[in-house]
Amino acid sequence: MSGSTPTTYPVPSPTEIIARFGREVLNDKNVDAIDEIAAEDFVELDPVPGQGAGREGLKEFLATIAFPAFPDQQWVTEEQITSGEKVVSRFTWYGTHQGT
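All values reported here derive from a predicted model rather than from experimental measurement.

1. Quick look at unusual backbone geometry
Thinking step 1. Of note, Lys29 is a non-glycine position whose phi angle comes to about 60 degrees, a positive value.
Thinking step 2. Looking at the secondary structure, you find Lys29 in the loop between helix H1 (14-27) and helix H2 (34-37).

2. What about the nonpolar core?
Thinking step 1. Listed in full, the 12 residues of the largest apolar core are Val25, Leu26, Val31, Ala33, Ile34, Ile37, Ala38, Leu58, Phe61, Leu62, Ala66 and Phe67.
Thinking step 2. Elements represented by at least two residues in this core include exactly H1, H2 and helix H3 (54-69).
Thinking step 3. For this core, the leading source of residues is H3, giving five residues.
Thinking step 4. When residues no more than four places from it in sequence are discounted, the contact partners of Leu26 are Phe21, Leu62, Phe67, Gln73 and Trp75.

3. Things to note about H1
Thinking step 1. The end-to-end C-alpha distance of H1 is 18 Å, a good match for the 20 Å that 14 residues give at a rise of 1.5 Å each.
Thinking step 2. Packed against the buried residues of H1 are H2, H3 and strand E1 (74-83).
Thinking step 3. Phi turns positive, to about 60 degrees, at Lys29, one or two residues after H1.

4. So, the side chain of Arg55
Thinking step 1. Inspection of the secondary structure assignment puts Arg55 in helix H3.
Thinking step 2. A polar contact is formed between the side chain of Arg55 and the backbone oxygen of Ala38, at a distance of 2.9 Å.
Thinking step 3. The residues contacting Arg55, other than those within four sequence positions of it, are Ile34, Asp35, Ala38, Ala39, Glu40 and Phe42.

5. Digging into the pattern of salt bridges
Thinking step 1. Per the counting criterion, the structure on display carries seven salt bridges.
Thinking step 2. Here Glu24 and Arg23 are joined by a salt bridge, their closest N and O atoms 4.0 Å apart.
Thinking step 3. With a closest N to O distance of 3.0 Å, Asp35 and Lys59 form a salt bridge. You can see Asp35 sitting in helix H2 and its partner Lys59 sitting in helix H3, a full 24 residues away along the chain.
Thinking step 4. Here Asp35 falls in the partly exposed class, since its relative accessible area comes to 33%.
Thinking step 5. Look at the salt bridges and you will find they share partners, linking Arg20, Arg23, Glu24 and Glu36 into a network.

6. Looking at the pairing of strand E2 (residues 86-94)
Thinking step 1. Sheet topology places E1 next to E2; nine bridges connect them, and they run antiparallel. Its bridge partner being in E2, Gln80 is matched across the sheet by Ser89.
Thinking step 2. What sits between E1 and E2 in their antiparallel hairpin is a turn of two residues, with Gly84 showing a positive phi close to 65 degrees.

What counts as what
Each chain has its residues counted from 1, following the order in which its sequence is written. Reporting in this predicted model follows two pLDDT cut-offs: at least 70 for local features of residues, and 80 or more for side-chain atom pairs to be given and counted; totals over whole chains, interfaces and linings ignore these cut-offs and use all residues. Excluding hydrogens and water, the side-chain figures rest on all heavy atoms present in the structure. Each helix is a run of DSSP H or I of at least 4 residues and each strand a run of E of at least 2, with the numbering of both proceeding from the N terminus. For our purposes a nonpolar core is just a set of buried Ala, Val, Leu, Ile, Met, Phe, Trp, Tyr and Cys residues, chained together by side-chain atoms within 4.5 Å. Buried residues are those whose accessible area, probed at 1.4 Å on protein chains only, stays under 20% of the maximum for their type, while exposed residues exceed 50% and partly exposed ones sit between those limits. Here, residues are in contact when the closest pair of their heavy atoms is within 4.5 Å. Given the number of residues in a helix, its expected span is that number minus one, multiplied by 1.5 Å. Any pair of N or O atoms that falls within 3.5 Å is considered a polar contact. Within protein, one atom must be able to donate a hydrogen and the other to accept it, and sequence-neighbouring residues count only if both atoms are side-chain atoms. For this document, the term salt bridge refers to a Lys or Arg side-chain nitrogen within 4 Å of an Asp or Glu carboxyl oxygen. The pairing criterion for strands is at least two bridges between them, as found by DSSP.

Geometry only, nothing functional implied.
Shown next as C-alpha cells:
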C-alpha cells in the first residue's frame, strides 16, 4: 500500500522478555519460542554440562534432557529486580525427576 504507515509494535521490556521466557519456554515447554526471545548470537554464560552453544544448544538441552527428566516442571518467579537492561530473578523450580 503506497503512502501507508507501517505498523509498529512496542519493544518489550527486559522484564517482559524474562517473564515470557519463563512462561512460554520453561513452563509451557515451547522451545521454538526461544527463536523469538533470544538473539541469534545468544551466548550462555554458564551452560550446564552437555549443553551446546547458542540458541540451538539451549533448545536441544531443554527438549532432550531437561523437559523429559522433569516433565511436570514449573518455574515460579518469586522476586525480580530490573535496572535498565539488567534483570535479576529469584525463582523456585518445582518438578518431579522422572529421567535417567
